[in-house]
Amino acid sequence: MESEDTKKIQEMKTDLNLLLECLKYQMDNPLSQKEALVTIHSIFEQNSNAGVYFQEIGGLMFVQNLAKSSEHSMVKEAALYTLGTVAEQNVYCQQTLCTSELFEDLILFLSNDSNTNLKRMSVYVILVLVSNNRIGQTLARETGCIKVLSQLFRIVLSKYELNLSDKNVFQSYQLWSSVCSTLCVCVNNPQNDENQMLCCSLFPHANDWLINCIKPEIIRPICSFIGLTLANNTYVQKYFVSVGGLDVLSQVLMQLESDSHKTLSSVKLAVVVIKTVDACIADNPTFGEVLSKYHIVSKLLALLLHESLDSEEKFSIILTLGHCTEACEENQYHLFKNNGLPLLIQALTESQNEELNKAATFVLYNCKNITEKLSLREYSFDENEEQSKDISMKEKTIEEYWKKAKEILHRIEQLEAEGNEENIQREKCKDNVSSMNINIQNTLKHLHADSIGEDPKTEDEDKSQSRNLQSYKSHGFMSKACANDDQMMTLLKSTNPVNACYRESGQNETLCKANASCNQNLHEEATFGGNKFVSQSSDCVFKRPSPSVKNRRQQLPVTDPFTLCSDIINEEVINFLSADNCSKMFNYRCSGCVAAGKSLNSRNFSKLLHSCPYQCDRHKVIVEAEDRYKSDLRKSLICNKEILLTPRRKQHSNDPTTSRRIKKRNIRKNFTEEEINYLLSGVKKMGNHWNLILWSFPFQQGRKSVDLAHKYHKLIKHPKCEAPLLEEDLSVSV
């Protein structure tokens, strides 16, 4: 492979040397020189490194001088074309050719009355030298090349009606298009602010062309030139708006949007204009107010609905919408008015392009304020009569939507209130009944005190006070629970059956109802209206006996008839309520769920669940699992008789052989002197912690903590016996 490559390189060098000699010795034959230049051009296209060798042998300078000195236009055109190809293929050759002398020669070719093809080749060389080369951009400005190109931009096309079928017109259009491309490269590639300031003088002429000739051949080059000249330059953007450029682009966009339903090319061309508009307002969002006069937002939304657009084109449209609505509330309202928000949300959910999703999010964020203002009805416009009518209709529809939404919320709140109404009513009834229970207990004690030995006058006064207090309390709690007396009566009927008995039978049934409802929580619920209220009421009812009455018992005895009567009534009412209410409320409930407060264990709970005909799903699963477990145990008991549900009892046998096998043989071991010393020192350090002593010292194997305790007690009883052999031996189990 290396030999082949070197061979090709050697052949390329040989060809270039021969072609250069041909150019030098065929000065009188322009056709031969043209053919040699075309051949050199083809070699440069095949091998980019050929230009470096051609420069080393002096061919590049010779071709440049040939283009300058030749009298034949065809040779000049071929020479310029070859120079452009070399500069385009190799950066080193581009930097070598980028000189002020070459730019001046190219300006001469463009200024003289030369043919169109020679001018096109000159513009092509300028394009190649300036592209991605800041030095070339600077030389183009300093040598006046940009001014010459601007003049060509103005005068090449003299008529707005283009007839591209005509050969001369077509050649002029090609030259004009090349000039536009070269100006685009001069201002932005890389960006050059000074060149942008020079080229902005062409904006009025470009606006005239956009207004008078809406054709793709004109709109695409002009929009590219305007967009690149405007990019990231606020001064040029302001100048473009001041000369009416944004208005012209808006009018062109409106025309293209109206034609987009007929031809697909109008849609694509409209996207080009949209990109130019976005370049103009990207750095100055306030320019969006100019677009609001032409309702550009609605046009952009209409174009966004076309199915022929790809993701990049949709991204350009949505980004332009974002810049239009960034600082202009009128454009935000137009977006909201034309149902742009649902369209953007749909694009956000369906698209997988991150850039498009970011642009859609940017637009939605811009419209956040306008949606809040519309919801609060704080937005207003000063438009003509027709627009105000449309806005009023929209506001009416929005108000209708809000009314419907409020109705739905109101219904939801009603359903939630109805769901919690029963619990609230039960709590209120419990409070009412607790207050009545307090009143009745106070009345019983007061009546008993009066019956013991008080004057008739004091009895009447106390009875009247107790009745007033009872009516006051009952009325107070009833007013808090319900709005009127009828509601309270129906509420008491639905919550407690004893209340109905109270209304029918009088005061005795009232006692039953009050004592039954709050028998256990009497002291806590007595403080419903506050501790002060209870203390005051107790002071009014439980009066101290008058000093004239002597030998009166201040405390009720245990065998008091009224107390016994109240206790009996409490028990009967509790039994009645538990039998009646539970049978009604939990008649069709699961026994396992209802019997939460009973004392249950594993045996009676299983029986309770098996006896219940209305088992819930949870307890039904428990019962089925228990049955399956028991059946599996029965099957395993049949297969293997050793598995039993109950533990076996130990069988005592009288056989001496078996008893010898079961009982372990005990071996007697005497305590040594060392063990006794261990024991005494351990007691001295640790006290009577026998396990710690056993673990801390190396006693004989099989010794237990009990053995140590017994030995120590014997040592205390017989301190004179020092020899361990004289001590009683302890049995050590092996």
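Predicted, not measured: the structure shown is a model, and the values here were computed from it.

Before going further, it helps to examine the overall build of the chain. The helix and strand inventory of the chain stands at 39 helices and 2 strands. Across the 734 residues of the chain, 38% fall into the buried class. Pairs at least 24 residues apart make up 70% of the contacts formed inside the chain by residues separated by at least 6 positions. Looking at the chain as shown, the accessible area adds up to about 44,400 Å², and 51% of this sits on carbon and sulfur atoms.

Below, the discussion takes up the pattern of salt bridges. Pairing is possible between side chains of opposite charge, provided their charged atoms come close. Throughout the structure, instances matching the rule amount to 7 salt bridges. As a salt-bridge pair, E194 and R141 come within 2.7 Å of each other at their nearest N and O atoms. On the criterion of sequence distance, the pair formed by E194 in helix α12 (residues 193–199) and R141 in helix α9 (residues 134–142) is long-range, its members being 53 residues apart. Among the salt bridges present, the one from K630 reaches E626, with a minimum N-O distance of 3.4 Å.

What follows concerns the state of the cysteines. Should the sulfur atoms of two cysteines be covalently bonded, the bond is a disulfide. For the structure on display, the rule yields 0 disulfides. C200 takes part in no disulfide bond, and the closest cysteine sulfur, belonging to C199, lies 8.0 Å away. Classification of C200 by relative accessible area gives buried; the value is 8%. Between C328, a free cysteine, and C324, which holds the nearest cysteine sulfur, the sulfur-to-sulfur gap is 8.2 Å.

Next up on the list: the environment of V252. Within the secondary structure, V252 is located in helix α16 (residues 245–259). In this structure V252 comes out as buried when scored by relative accessible area, which is 3%. A C-alpha to C-alpha distance of 7.8 Å links V252 and V273, two positions 21 residues apart in sequence. In contact with V252, not counting residues within four places along its chain, are L210, I219 and V273.

This part covers helix α39 (residues 705–717). Helix length check: α39, at 13 residues, gives a terminal C-alpha distance of 19 Å against a target of 18 Å (1.5 Å per residue), a fit within 8%. Where α39 is concerned, the buried positions are S705, D707, L708, A709, K711, Y712 and L715.

Take the side chain of Q332 next. With respect to the helices and strands, Q332 occurs in helix α21 (residues 329–337). Discounting chain neighbours no more than four positions away, the residues touching Q332 are T325, E326, N366 and I370.

What follows covers the packing of helix α37 (residues 673–686) against α39. Their axes nearest at 11 Å, the elements α37 and α39 cross at an angle of 90°. Looking at the two axes, α37 sits roughly perpendicular to α39. Across the interface between the two elements, I676, L679, L680 and V683 of α37 pack against L708, K711, Y712 and L715 of α39.

Let us look at helix α23 (residues 354–366). Under the 1.5 Å per step criterion, the end-to-end length of α23 is 19 Å for 13 residues, consistent within 8% with the ideal 18 Å. Among the residues of α23, those classed as buried are L356, N357, A359, A360, V363 and N366.

Locating S260 in the fold gives a position in the loop between α16 and α17 (264–281). Among the residues examined, S260 registers a relative accessible area of 5% and is labelled buried. One polar contact links S260 to H306, side chain to side chain, over a distance of 3.4 Å. Apart from residues lying up to four places away in sequence, S260 is in contact with S266, V267, L303 and H306.

Right, let's talk about unusual backbone geometry for a bit. Each neighbour pair has its own omega, and for N189 with P190 the value is 5°, a cis peptide bond. Looking at the secondary structure, you find P190 in the loop between α11 (167–187) and α12. The residue N232 is not glycine, and still its phi comes out positive at about 60°. Judged by relative accessible area, which is 55%, N232 ranks as exposed.

The next thing to look at is the packing of aromatic side chains. Taken as a whole and judged by the stated rule, the model has 14 aromatic pairs. Each ring, one from Y678 and one from F697, has its centre 5.5 Å from the other, and the planes form 20°; the classification is stacked. Pair noted here: Y678 is in helix α37 and F697 is in the loop between α38 (690–696) and α39, with a separation of 19 residues, a long-range link. Seen from their ring centres, W690 and Y712 are 5.6 Å apart, and the 50° between their planes marks the pair as tilted. In this pair, W690 sits in helix α38 while Y712 sits in helix α39, placing the two residues 22 residues apart along the sequence. Per residue, the accessibility class of W690 equals that of Y712, and both read buried.

So, about the environment of L20. Tracing the chain through its elements places L20 in helix α1 (residues 2–25). Taking the C-alpha atoms as reference, L20 lies 8.9 Å from G58; in sequence the two are 38 residues apart. In this structure L20 touches I57, G59 and F62, once residues within four positions along its chain are discounted.

All right, on to the confidence of the model for the chain then. The predicted coordinates of low-pLDDT regions are not to be read in fine detail. Of all residues in the chain, 69% attain a pLDDT of 70 or more, and the chain-wide mean is 76. Under a pLDDT of 50 for its full length, residues 451–559 has, in the predicted model, 128 contacts with residues more than four places off or in other chains. Low pLDDT (under 50) marks residues 722–734, which in the prediction has 37 contacts with non-local residues, meaning those over four places away or in another chain.

This part is about the packing of helix α13 (residues 203–212) against α16. Contact geometry for α13 and α16: axes closest at 10 Å, N-to-C directions at 20°. By the angle between their directions, the pair α13 and α16 is classed as roughly parallel. When you trace α13 past α16, the crossing you get is left-handed. Of the residues in α16, those touching α13 at N207, L210 and I211 are G245, V248, L249 and V252. Here the residues of the contact of α13 with α16 sort into 5 nonpolar, 2 polar and no charged.

Rules of the game
- Position numbers for residues count from 1 along each chain, tracking the sequence in the order it is written.
- Reporting of local features is limited, given that this is a predicted model, to residues whose pLDDT is at least 70; pairs of side-chain atoms are given and counted only at 80 or more, and all residues count toward the totals for whole chains, interfaces and linings.
- Processing note: side-chain calculations cover all non-hydrogen atoms of the structure and skip hydrogens and water entirely.
- A run of H or I in DSSP counts as a helix once it spans at least four residues, and a run of E counts as a strand once it spans at least two, with each numbered from the N terminus.
- With a 1.4 Å probe rolled over the protein chains alone, any residue whose accessible area is under 20% of its type maximum counts as buried; one over 50% counts as exposed, and the rest are partly exposed.
- Working rule for contacts: check all heavy atoms of both residues, and any pair within 4.5 Å makes them a contact.
- In this description, accessible areas are obtained by the Shrake-Rupley approach with a 1.4 Å probe, and a residue is regarded as covered only by the protein chains that are shown.
- By salt bridge we mean one thing: a side-chain nitrogen of Lys or Arg within 4 Å of a carboxyl oxygen of Asp or Glu.
- Note on terminology: pairs of cysteine sulfur atoms within 2.5 Å are recorded as disulfides.
- The span expected for a helix works out to 1.5 Å for each residue beyond the first.
- Lines fitted to C-alpha atoms define the axes, with helix axes restricted to the stretch in contact, and inter-axis angles between N-to-C directions lie between 0 and 180 degrees.
- To sort the angles, those under 35 degrees are grouped as roughly parallel, those over 145 as roughly antiparallel, those from 65 to 115 as roughly perpendicular, and the leftovers as oblique.
- Definition of a polar contact: a pair of N or O atoms within 3.5 Å, with one able to donate and the other able to accept a hydrogen when the atoms are protein atoms, and with sequence-neighbouring residues admitted only if both atoms are side-chain atoms.
- Each pair of aromatic rings taken from Phe, Tyr and Trp, with Trp reduced to its six-membered ring, is defined by centres within 6.5 Å and is described as stacked if the planes are under 30 degrees apart, edge-to-face if over 60, and tilted in the remaining cases.
- Confidence of the prediction at every residue is given by pLDDT, a number between 0 and 100.
- Two helices cross in a left-handed way if the nearer one is turned anticlockwise from the farther one by less than a right angle. They cross in a right-handed way if the turn is clockwise.
- Note on residue classes: Ala, Val, Leu, Ile, Met, Phe, Trp, Tyr, Cys and Pro are nonpolar, Asp, Glu, Lys and Arg are charged, and everything else, Gly too, is polar.

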